[in-house]
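A structural walkthrough
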Amino acid sequence: MNRRKEVFVIGFLSVLCSGCAVGPNYKKPEVPVPPTYRGVSAEQAGKTEAASFGDEKWWDAFQDETLRNLIQTALKQNYDVQIAATRILQARAQLGITRADQLPSVEGVASATNERTPQAVGRPAIETSASRVSLSLAWELDFWGKFRRASQSARANLFAQEWARRQVVSSLVSDVASAYFQLRELDLELEISRQTLASRKGSLRLTQILADGGATSMLDVRQAEQLVFNAGASIPDLERQIEQQENFISILLGENPQDIARGRKLVDQPHALEVPSGLPSSLLERRPDILQAEQQLIAANAQIGVAKADYFPQISLTAEGGYQSSALTGLFAGPAGLWTLGAGVVQPVFEGGRIRNRVRFAEARTEEAKLTYRRTVQEAFREVSDSLVGYRKSQEFRIQQEQLTHSAEEATKLSNMRYKGGATSYLEVLDSDTRYFSAQLSLAQAQLRELQSLVQIYRSLGGGWQQ
């Protein structure tokens, strides 16, 4: 008979603990997904490519060994990555705290008292002592799924923090690559400026010799000096930008400002003319910010169930067992044993609209999270399209700039030949040389924009967090 009672009690408690969970179950919201990205070339638009540039590991996406070492250092030492990792630990601990509400709490109590009552009229002094050892149990049954919904929400918040860390990693990889290319572009501008300065100094010396011999005027000398001073003035400013860029990269690496190692030159950085973008639908499963937004939506949705559970009665079980005796020697004797069992039900009757407004608040938060998720998806498609068209158009601009630079170089050569032959004034040399110098710097900047557009494609496609 006792065995049957035990089975019945265990079965009854199991039914209570596995009761229904109030609140809506999560359903992934539908979002419109375009069949292809806007901004892809006409050749790629007709292809159905499952592969994506965003699927590549960052050490495969960037071929400069020095850049790879910088990224690796940043991933180990950058403070934003470390902060994101600690937030994961916080979320994991919070999940453990929340899950503990589903389990009974057990407390052990030990006490010893000794009391003496003074003598009174007609009554002698009384001295008493009591020792007590007991265990108490309290358990609120999760019949309506309140604690399970809370655990579901905490678990989703943990996943959201994990995706947030991956988003930080993805951004950091792209930031380091973009900053490194910016540094190499400034190095290239400095190299161009120094070469131009050396060339113009040589031209100034020749013009000075001609002026001393009476073959030209001092006006030509002054114009040649302008070219020298113009090139010379750009060097200190470029050196300032280079040092500040090195400081910026150092902070990304989690280090104090210092010199940054160089690898391949800007013009030697390998990159394909066409990059595979993959299927737009796969972006929803790759971009960390989209997956983070979805987990935040799951967490908010579960909180509706937590709020609605307050409408229903709270069912609690309590139990206590132990020993109590006036003498320590007889504390654990049979007659000293004690126990109590209890159960309670608490039903909210009047809360002044508190529970109703908690539910409304949770529902509004869920709707906000749903809209945020949809907006994040739309922003992701926009960023991919922007980066794809940016990369293609920056290539076209760079090609035109190369032709312009070549034309300016030939014009400079012809102007110098015409000036030396006495067919034109030095003003023509001044103009053509200025245009050539400007074209060289613009070409370096065009090459930088092309590489940075490639980095932006990689980032917008959700690449960089894979390790």
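For the structure itself, consult the block above.
Residues numbered from 1 in each chain as written. Predicted model: local features only at pLDDT ≥ 70, side-chain atom pairs only at ≥ 80, totals over all residues. Heavy atoms only, no water.

**Examining the overall build of the protein**
Summing up its helical and strand segments, the protein has 11 helices and 4 strands in all. For 467 residues, the compact-globule estimate of 2.2 N^0.38 gives 23 Å, and the C-alpha radius of gyration of the protein, at 38 Å, exceeds that figure by more than 25%. Counting only C-alpha atoms, the protein reaches 140 × 60 × 40 Å along its principal axes. The buried share of the protein, taken over its 467 residues, is 40%. Taking as baseline every contact in the protein between residues at least 6 positions apart, the subset at least 24 positions apart corresponds to 83%. Summed over its atoms, the accessible surface of the protein is roughly 26000 Å², and 55% of this surface lies on carbon and sulfur atoms. Once the 53 positive and 53 negative side-chain charges of the protein are each reduced to a mean point, those two points are 8 Å apart. (Helix = DSSP H or I, 4+ residues; strand = E, 2+ residues; numbered from the N terminus. Rg over C-alpha atoms; globule rule 2.2 N^0.38 Å. Buried < 20%, exposed > 50% of the residue type's maximum accessible area, 1.4 Å probe, protein only. Contact = heavy atoms within 4.5 Å. Areas by Shrake-Rupley, 256 points an atom, 1.4 Å probe, with all protein chains shown as cover. Lys, Arg positive; Asp, Glu negative; His and termini not counted. Charge placed at Lys NZ, Arg CZ, Asp CG, Glu CD.)

**A closer look at the packing of helix α5 (residues 79–100) against helix α6 (residues 146–212)**
The N-to-C vectors of α5 and α6 enclose an angle of 170°; their axes lie 9 Å apart at closest approach. The orientation of α5 relative to α6 falls into the category roughly antiparallel. In this structure, α5 uses Asp80, Val81, Ala84, Ala85, Arg87, Ile88, Ala91, Arg92, Leu95, Thr98 and Arg99 to contact α6, whose residues at the interface are Ala150, Ser151, Ala154, Arg155, Asn157, Leu158, Gln161, Glu162, Arg165, Val168, Val169 and Leu172. Considered class by class, the residues forming the contact of α5 with α6 number 12 nonpolar, 4 polar and 7 charged. (Axes fitted to C-alpha atoms, helices over the stretch in contact; angles between N-to-C directions. Parallel < 35°, antiparallel > 145°, perpendicular 65-115°, else oblique. Nonpolar A, V, L, I, M, F, W, Y, C, P; charged D, E, K, R; others polar.)

**Here we look at the packing of aromatic side chains**
The tally for this structure, following the rule as stated, stands at 10 aromatic pairs. Plain terms: the ring middles of Trp58 and Trp59 are 5.2 Å apart, the flat faces sit at 80° to each other, and that makes the pair edge-to-face. Owing to a relative accessible area of 6%, Trp58 belongs among the buried residues under this scheme. Ring centres of Tyr419 and Tyr426 lie 5.0 Å apart, and the angle between their planes is 80°; on these two criteria the pair is classed as edge-to-face. The burial state of Tyr419 is the same as that of Tyr426; both residues are buried. Aromatic ring contacts, followed pair by pair, group Phe53, Phe62, Tyr180, Phe181 and Tyr458 into a single cluster. Over the aromatic face of Trp163 sits the side chain of Arg166, whose NZ or CZ is 4.3 Å from the ring centroid. (Phe/Tyr/Trp six-rings, centres within 6.5 Å; stacked < 30°, edge-to-face > 60°. Lys NZ or Arg CZ within 6 Å of the ring centre and 35° of its normal.)

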